[in-house]
Amino acid sequence: MKAIMYHYVRKSDKNTPFFRYLDFENFKKQLDYFEKNYSFLTYEEFLNLYENPPQNAKQYEHYKGKILLTFDDGLKDHYDFVFKELKKRGLFGFFFVCSGVYERKKALDVHRIHFLLGKLGGKKLLDLANEKIKLFQKQKGVCIIKDSEKAFFENKTYLNQDNDFATSEFKKLFNYYIKYAYRESLLDSLMEEICEDYALFENLYMSIDALKTLQKEKMIVGSHSHNHFVLSKLTKEEQKQELQKSFEFLEQIIGGGGGLIAKTFCYPYGGAHTYTQETKEILKNLGVKFSFDVNYKDISLEDILQNPQALPRYDCNLFEYGKANLG
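Computed from a predicted structure; not experimentally measured.

Trainee: How would you sum up the overall build of the protein? Please name residues and give values.
Mentor: Check the secondary structure of the protein and you find 15 helices and 11 strands. Against the compact-globule benchmark of 20 Å for 327 residues, the protein has a radius of gyration of 20 Å, which places it among compact chains. Counting every position in the protein, which comprises 327 residues, the buried fraction comes to 55%. Residue pairs in contact within the protein that sit at least 24 positions apart in sequence constitute 75% of those at least 6 positions apart. With 48 positive and 46 negative side-chain charges, the protein shows a separation of 1 Å between the mean positions of the two kinds.

This is the structure:
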């Protein structure tokens, strides 16, 4: 099986000339490509896989060559464009949601980072951010970048993304290097110059009613954590709270309190450096059967049996029509 990962799927917006996304028309072309060259895993086949995982090569044979579609971050794009297209084609997908957005009524830091880059571009934004960091550290008398984490993450992130140098450096700075205690206030300062936060929140995420509709219409709603943190940067107890809180929220609001059809998860950012063995143990203890990582290979029988908390996914841009657009 091949699990395919998507984020922004939308139409062009002239207000964000540097924003990276998959154009909706190309998304439809990519679905056509998968339909011609592979076959899609059906909703019923997934539920059977979930309840009765194959135990040998013969049982797994049925799932070979199947495509699984996965969509991260609970974006409004996924309801307005993706969901309707999947329904039209009789397909289903996994929609992984960051529950914290509904609690805080404010866009998550990871998405504010994308939006700021989309508005200003990497070079201008990185220069502005460095000025603010210097001023912030001088005013507060603190160092906001943890050198050990910078050394650990520096050569492990954004290796397969087609970013310019400044864009990659800005994303590394705010997604990995800056301590979480200071990141939000720095982004607040940048956002004040660009856009009102609540407007971004209102236009970016699916509503709770939309999430309920997804499950009702035979889509799989899963957790993408509560706040989209790099889990390996958290203590074991912080990870537990981050994951437990997310599932409790989803279980409560999905299906009129009837819970999730299947407990699934995908790691924020992805890659083995973003979580620990403790993370996988916490997920297993929460009753999660399958978790998705980012590791460009097919899902094998061995993955399902030996490593179900880190199933590999491909980025959509590795396949025909999946290359990102700008603006």
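Trainee: Please provide a residue-by-residue account of helix H13 (residues 236-253), values included.
Mentor: Compared with an ideal rise of 1.5 Å per residue, which puts 18 residues at 26 Å, H13 spans 26 Å between its outermost C-alpha atoms and is within 8% of the ideal. Taken together, the buried residues of H13 touch strand E6 (94-97), helix H5 (100-104), helix H12 (208-216), strand E7 (220-223), strand E8 (264-266) and helix H14 (277-285).

Trainee: Can you explain the packing of helix H7 (residues 122-140) against helix H9 (residues 165-177)? Please cite residues and give values.
Mentor: One way to put it is that H7 packs onto H9 with a least axis distance of 8 Å and a crossing angle of 40 degrees. H7 and H9 meet at a crossing whose hand is left-handed. Residues Gly122, Lys123, Leu125, Leu126, Ala129, Asn130 and Ile133 of H7 form the contact with H9, whose participating residues are Ala166, Thr167, Glu169, Phe170, Leu173 and Phe174.

Trainee: Report on the sheet that holds strand E3 (residues 20-23), specifying residues and quantitative values.
Mentor: An order of E2-E3-E11 is seen for the 3 strands of this open sheet, with the pairing classed as mixed. The sheet is open, and its two borders are formed by strand E2 (9-10) and strand E11 (325-326), each paired with just one other strand. Two strands pair when backbone bridges link them, and E2 and E3 are joined in this way by 2 bridges, in the parallel orientation. From the neighbouring strand, valine 9 faces E3, where its bridge partner is leucine 22.

Trainee: Go over the state of the cysteines, please, and point to the residues and values.
Mentor: Taken as a whole, this structure holds 0 disulfides when the rule is applied. The cysteine cysteine 316 is free of any disulfide, with cysteine 266 supplying the nearest cysteine sulfur at 14 Å. The exposure class assigned to cysteine 316 is buried, which follows from its relative accessible area of 8%.

Trainee: With reference to specific residues and values, describe the pattern of salt bridges.
Mentor: Overall, the coordinates contain 27 salt bridges when judged by the stated rule. We note a salt bridge from glutamate 184 to lysine 106, for which the minimum N-O separation is 2.8 Å. Here the residue glutamate 184 occupies a position in helix H10 (residues 180-194), and lysine 106 occupies one in the loop between H5 and helix H6 (109-120), the gap between them amounting to 78 residues. Classification of glutamate 184 by relative accessible area gives partly exposed; the value is 29%. Classification of lysine 106 by relative accessible area gives buried; the value is 18%. Notably, a salt bridge pairs glutamate 169 with lysine 172, separated by 3.7 Å at the nearest N-O pair. In this pair, glutamate 169 and lysine 172 both sit in helix H9, 3 residues apart, roughly one turn of the helix. According to the relative accessible area criterion, lysine 172 is buried, its value standing at 11%.

Trainee: Which residues make up the nonpolar core, and what values go with them?
Mentor: Counting 109 residues, the largest nonpolar core has Tyr6, Phe27, Leu86 and Phe174 as its most contacted members. Apart from residues lying up to four places away in sequence, phenylalanine 27 is in contact with Tyr6, Val9, Leu22, Phe71, Val82, Glu85 and Leu86.

Trainee: Help me get a handle on the environment of threonine 167, residues and values and all.
Mentor: Following the sequence through the fold, threonine 167 ends up in helix H9. Residue contacts for threonine 167: discarding those within four places in its chain leaves Leu117 and Gly122. There is a polar contact of 2.8 Å between the side chain of threonine 167 and the side chain of aspartate 164.

Trainee: Now, about unusual backbone geometry: what can you tell me, with residues and values included?
Mentor: Notably, aspartate 73 is not glycine yet its phi reads approximately 95 degrees, a positive angle. Mapping aspartate 73 onto the fold places it in the loop between strand E5 (66-72) and helix H4 (76-89). A residue is classified by how much of its surface remains accessible, and aspartate 73, at 2% relative accessible area, is buried. A positive phi angle is found at lysine 218, which is not glycine, with a value near 65 degrees. Tracing the sequence through the fold places lysine 218 in the loop between H12 and E7.

Trainee: Outline H9, listing residues and values.
Mentor: Note: α-helices contain 3.6 residues per turn, so residues at a spacing of three or four share the same orientation. Extensive coverage of H9 is indicated by the burial of 11 of its 13 residues. All buried positions along H9 are accounted for by Ala166, Thr167, Ser168, Phe170, Lys171, Lys172, Leu173, Phe174, Asn175, Tyr176 and Tyr177. The N-terminus of H9 is capped by aspartate 164, whose side-chain oxygen sits 3.2 Å from the backbone nitrogen of alanine 166.

Trainee: Run through the packing of H6 against H9, naming residues and quoting values.
Mentor: Axes are the key here: two packed helices are described by the angle between their axes and the distance separating the axes. Close contact between H6 and H9 brings their axes to 10 Å; oriented N to C, the two are set at 155 degrees. Here H6 is positioned roughly antiparallel relative to H9, judged by the angle of their axes. Crossing angle aside, the handedness with which H6 passes H9 is right-handed. Facing Val110, Ile113 and Leu117 of H6, the residues of H9 in contact are Thr167, Phe170, Lys171, Phe174 and Asn175.

How each quantity is defined
- Residues numbered from 1 in each chain as written.
- Predicted model: local features only at pLDDT ≥ 70, side-chain atom pairs only at ≥ 80, totals over all residues.
- Heavy atoms only, no water.
- Helix = DSSP H or I, 4+ residues; strand = E, 2+ residues; numbered from the N terminus.
- Rg over C-alpha atoms; globule rule 2.2 N^0.38 Å.
- Buried < 20%, exposed > 50% of the residue type's maximum accessible area, 1.4 Å probe, protein only.
- Contact = heavy atoms within 4.5 Å.
- Lys, Arg positive; Asp, Glu negative; His and termini not counted.
- Charge placed at Lys NZ, Arg CZ, Asp CG, Glu CD.
- Expected span 1.5 Å × (residues − 1).
- Axes fitted to C-alpha atoms, helices over the stretch in contact; angles between N-to-C directions.
- Left-handed = near helix turned anticlockwise from the far one by under 90°.
- Pairing = 2+ DSSP bridges.
- Disulfide = S-S within 2.5 Å.
- Salt bridge = Lys/Arg side-chain N within 4 Å of Asp/Glu carboxyl O.
- Core = buried A, V, L, I, M, F, W, Y, C linked by side-chain atoms within 4.5 Å.
- Polar contact = N/O pair within 3.5 Å; in protein donor to acceptor, adjacent residues only side chain to side chain.
- Parallel < 35°, antiparallel > 145°, perpendicular 65-115°, else oblique.

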